[in-house]
Amino acid sequence: MTMSDDLIARFTAIVGEKNALRDPADQISYLSEPRELFHGRAALVLRPATVDEVSAIMMLAYETATPVVPQGGNTGLVGAQQPDTSGRAIILSLSRLNQIRNIDTTGNLVTVEAGVILQNLQEAVQDAGRLFPLSLGAEGSCQIGGNLSSNAGGTAVLAYGNMRELCLGLEVVLPDGQVLNDLRRVKKDNTGYDLRDLFIGAEGTLGVITAAVLKIHPQPKGKAVAYVGLQSPENVVQLFRLATDQAGQALTGFELMPRIGMEFILRHIAEARDPLESAYPWYVLAEISSARSETDAQEMLEAILSEGFESQLVQDAAIAQNGAQADLFWKMREEMSPAQKPEGGSIKHDISVPVASIPAFIAEAAIAVEEMIPSARVVCFGHIGDGNLHYNVSQPIGADKQAFLARWHELNHRIHTIVMRYNGSISAEHGIGALKREELRAFKQPLALELMRRIKQAFDPKNIMNPDKLL
């Protein structure tokens, strides 16, 4: 059943003609996602500019039982921001709610609207002499509302936490159009249930996040970055323990990369250069941020590497000699996923296991992949500090891409079964969306799922908020 012209006119009147996209040609960029796994249809794409407009849209949607799919920068990787193919839903784009309302350098807080692009927030906070630490490969286009709705993580979680830990308060429009103003600016508030935590990571299924109060931090006085070659995941985990013992929260980056990923980067990324003279099975990108000075950061990193050499954990290392080289080191890490695309099909896993279990998981998962798809190429990389691994599997050389990708869910299930044996998570930072909904049913405790359904029913009894996602 398509939307009537009368209802289209009522929704359009809220935001104006130019911000109600009805023509499929104008909707194209909203209807598919980065991996091209999900393609939907929408009756309208609405682009409100104020909280009042969002509230009016939701009030009308609730009255008419119209499905609403909130969308930020459309960078999500699990299909959470895509409508289904019925053409009944509205895509609610938050891109015009893009104001930074306030930067408080005394309380180290920023109040920001949902449509603000992450990189723009980073730059505005930097201009004010502060740091917003969330850092993602998609930071040039992802938006704060989407970051909150997916509880985004990234490379700095080990020092600063994910979006849940970076957020103090929210402004949310509920499915019936009511506005919950919970933009608290204090770290201590023991006044009952923390409603904020229900919306963070809910993937737009309980309400529309329109603004947030986020924590910011003093800018580091100095940074030091190193590329490190190691022989095994066991050595990587031991080096991580050594680094945290010596640096504590000054350790702001500790990223794992395999040699095969390095080879893909050297093959497909023009400016990439191998930082080390010899090849090693595994690499770590380590970053130290000092509140004192550049010299302090450098000395701390050198001390860690020196002890790593003495303990025979580290085989070789290159410390960035300037900011440009440090940026190149980080770029090579950030290009790890894009560099897989020219190699053919890639089956993705965004998982986490306890840090101490990483070596055992990598070994067991590699055996499972080889059993299922001989000669498939495992590209396992990610955030050692929080146990989040992007366990990607590239097709065997010369294999049929579509035949390989047809085994996506089968391989996912096998890897996720291993993850759960280590008390890990099948979704560390990307969310569930549509891609992992059935996997969630398979692996989540039934009671936990039932409680989630009760919460969904309480907030959204008409099931209009991003239906068929997550649950």
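Residues numbered from 1 in each chain as written. Predicted model: local features only at pLDDT ≥ 70, side-chain atom pairs only at ≥ 80, totals over all residues. Heavy atoms only, no water.

In the annotation of an unreviewed UniProt entry, the entry for the chain reads 4-phosphoerythronate dehydrogenase (FAD-dependent), and the organism field reads Pseudochrobactrum asaccharolyticum. According to UniProt, the comment filed for the chain under the heading Cofactor (unreviewed entry) is "FAD". (UniProt positions renumbered as here; feature names shortened; annotations may be inferred.)

Turning our eyes to something else, we now look at the overall build of the chain. Each helix and strand in the chain was counted, giving 17 helices and 19 strands. Relative to the compact-globule value of 23 Å for 471 residues, the chain shows a C-alpha radius of gyration of 23 Å, a close match. Viewed in the frame of its principal axes, the chain has a C-alpha envelope of about 75 × 55 × 45 Å. Scored against the burial criterion, the 471 residues of the chain give a buried share of 54%. On the chain, roughly 20000 Å² of surface is accessible, and the fraction owed to carbon and sulfur atoms is 49%. (Helix = DSSP H or I, 4+ residues; strand = E, 2+ residues; numbered from the N terminus. Rg over C-alpha atoms; globule rule 2.2 N^0.38 Å. Buried < 20%, exposed > 50% of the residue type's maximum accessible area, 1.4 Å probe, protein only. Areas by Shrake-Rupley, 256 points an atom, 1.4 Å probe, with all protein chains shown as cover.)

Attention now goes to the side chain of Glu429. Looking at the element boundaries, Glu429 is found in the loop between helix H15 (408-421) and helix H16 (437-443). An unpaired buried charge is present at Glu429: no salt bridge exists, and Arg333, the closest side chain of opposite charge, is 6.3 Å distant. At 3.0 Å, the side chain of Glu429 forms a polar contact with the side chain of His390. The contact partners of Glu429, leaving out residues within four places of it in the chain, are Ser150, Asn151, Ala152, Gly153, Gly154, Asp350, His383, Asn388 and His390. (Lys, Arg positive; Asp, Glu negative; His and termini not counted. Salt bridge = Lys/Arg side-chain N within 4 Å of Asp/Glu carboxyl O. Polar contact = N/O pair within 3.5 Å; in protein donor to acceptor, adjacent residues only side chain to side chain. Contact = heavy atoms within 4.5 Å.)

Looking now at helix H9 (residues 233-247). For H9, with 15 residues, the first-to-last C-alpha span of 21 Å sits near the 21 Å given by 1.5 Å per residue. Burial in H9 covers these residues: Pro233, Asn235, Val236, Val237, Leu239, Phe240, Leu242, Ala243 and Ala247. Looking at the buried residues of H9, the elements they touch are helix H6 (157-160), strand S12 (222-230), strand S13 (251-258), strand S14 (282-290), helix H11 (294-310) and helix H13 (358-372). A positive backbone phi angle near 60° is found at Gly248, which sits one or two residues after H9. (Expected span 1.5 Å × (residues − 1).)

Attention shifts here to the UniProt feature "domain: FAD-binding PCMH-type" (unreviewed entry) in the chain. UniProt's entry tags residues 38-219 with the feature "domain: FAD-binding PCMH-type" (unreviewed entry), counted in the numbering of this structure. Its end C-alpha atoms 39 Å apart, residues 38-219 is made of 23% helix and 24% strand.

The next thing to look at is the sheet that holds strand S2 (residues 44-46). For sheets, the rule is that strands pair by backbone hydrogen bonds, running either parallel or antiparallel. Pairing in this open sheet of four strands is mixed, and the strands run S1-S2-S4-S3 from one edge to the other. Bordering the open sheet on either side are strand S1 (20-21) and strand S3 (68-71), each of which pairs with just one other strand. Two elements, S3 and strand S4 (residues 90-93), share four bridges in a ladder whose sense is parallel. In the strand pairing of S4, Val69 is matched with Ile91. Together, S2, S3 and S4 form the strand contacts of helix H3 (residues 51-64), whose direction differs from that of S4 by roughly 165°. (Pairing = 2+ DSSP bridges. Axes fitted to C-alpha atoms, helices over the stretch in contact; angles between N-to-C directions.)

The next point concerns the pattern of salt bridges. Under the definition given, this model contains 26 salt bridges. The salt bridge partner of Glu113 is Arg101, with a shortest N-O separation of 3.2 Å. A residue pair is termed long-range when its members are at least 10 positions apart, and Glu113 in strand S6 (residues 109-113) and Arg101 in strand S5 (residues 100-104) qualify at 12 residues. Of the residues examined, Glu113 reaches a relative accessible area of 10% and is grouped as buried. With relative accessibility at 36%, the residue Arg101 sits in the partly exposed group.

Taken in spatial order, the five strands make up an open sheet running S5-S6-S10-S8-S9, and their pairing is antiparallel. The open sheet is flanked by S5 and strand S9 (179-182), the only strands paired with a single partner. Pairwise comparison of adjacent strand axes, ignoring direction, gives a mean angle of 15° for this sheet. Sheet analysis places strand S8 (residues 167-173) next to S9, joined by four bridges and oriented antiparallel. By the bridge assignment for S9, Val172 is matched with Leu180. Along the sheet, H3 contacts S5, S8, S9 and strand S10 (208-215); its crossing angle with S8, the most-contacted strand, is approximately 50°. Contacting S5, S6 and S10, helix H4 (residues 118-127) crosses the sheet at an angle of about 40° to S5.

With that out of the way, let us pick up the nonpolar core. One finds Phe254, Ile288 and Phe361 to be the most contacted residues of the largest nonpolar core, which totals 55 residues. Formed jointly, this core draws a minimum of three residues from each of two domains, domain 3 (222-338) and domain 4 (344-422). In this structure, Ile288 is in contact with Gly222, Lys223, Ala224, Ala247, Ala250, Leu251, Thr252, Ala297, Met300, Leu301 and Ile304, ignoring residues within four places of it in sequence. If you look at the next biggest cluster of nonpolar residues, it comprises 27 residues, including Val110, Val116, Leu118 and Val125. (Core = buried A, V, L, I, M, F, W, Y, C linked by side-chain atoms within 4.5 Å. Domains from an automatic or database assignment.)

Inspection of the secondary structure assignment puts Thr2 in the segment before helix H1 (5-15). Taking the relative accessible area as the measure of exposure, Thr2 reaches 56% and is therefore exposed. When the C-alpha atoms of Thr2 and Leu183 are compared, they prove to be 37 Å apart, with 181 residues separating the residues in sequence.

The subject of this paragraph is the packing of aromatic side chains. Applying the stated criterion across every chain, the model contains six aromatic pairs. The interplanar angle of 75° and the centroid separation of 5.2 Å between the aromatic rings of Tyr227 and Phe329 together place this pair among those described as edge-to-face. One end of the pair, Tyr227, is in strand S12; the other, Phe329, is in helix H12 (residues 323-334), with 102 residues separating them in the sequence. Taken as a pair, Tyr227 and Phe329 share a single burial class, namely buried. Seen in terms of ring centroids, Phe361 and Tyr391 are 5.5 Å apart; in terms of plane orientation they differ by 70°. Their pairing is edge-to-face. Linking Phe361 in helix H13 with Tyr391 in strand S19 (residues 388-394), this pair joins segments that are 30 residues apart in sequence. (Phe/Tyr/Trp six-rings, centres within 6.5 Å; stacked < 30°, edge-to-face > 60°.)

Attention shifts here to the state of the cysteines. Taken as a whole and assessed by the stated rule, the structure comprises zero disulfides. Unpaired in terms of disulfides, Cys142 finds its nearest cysteine sulfur in Cys167, a separation of 15 Å. A residue is classified by how much of its surface remains accessible, and Cys142, at 3% relative accessible area, is buried. Residue class for Cys167 comes out buried when judged on its relative accessible area of 1%. (Disulfide = S-S within 2.5 Å.)

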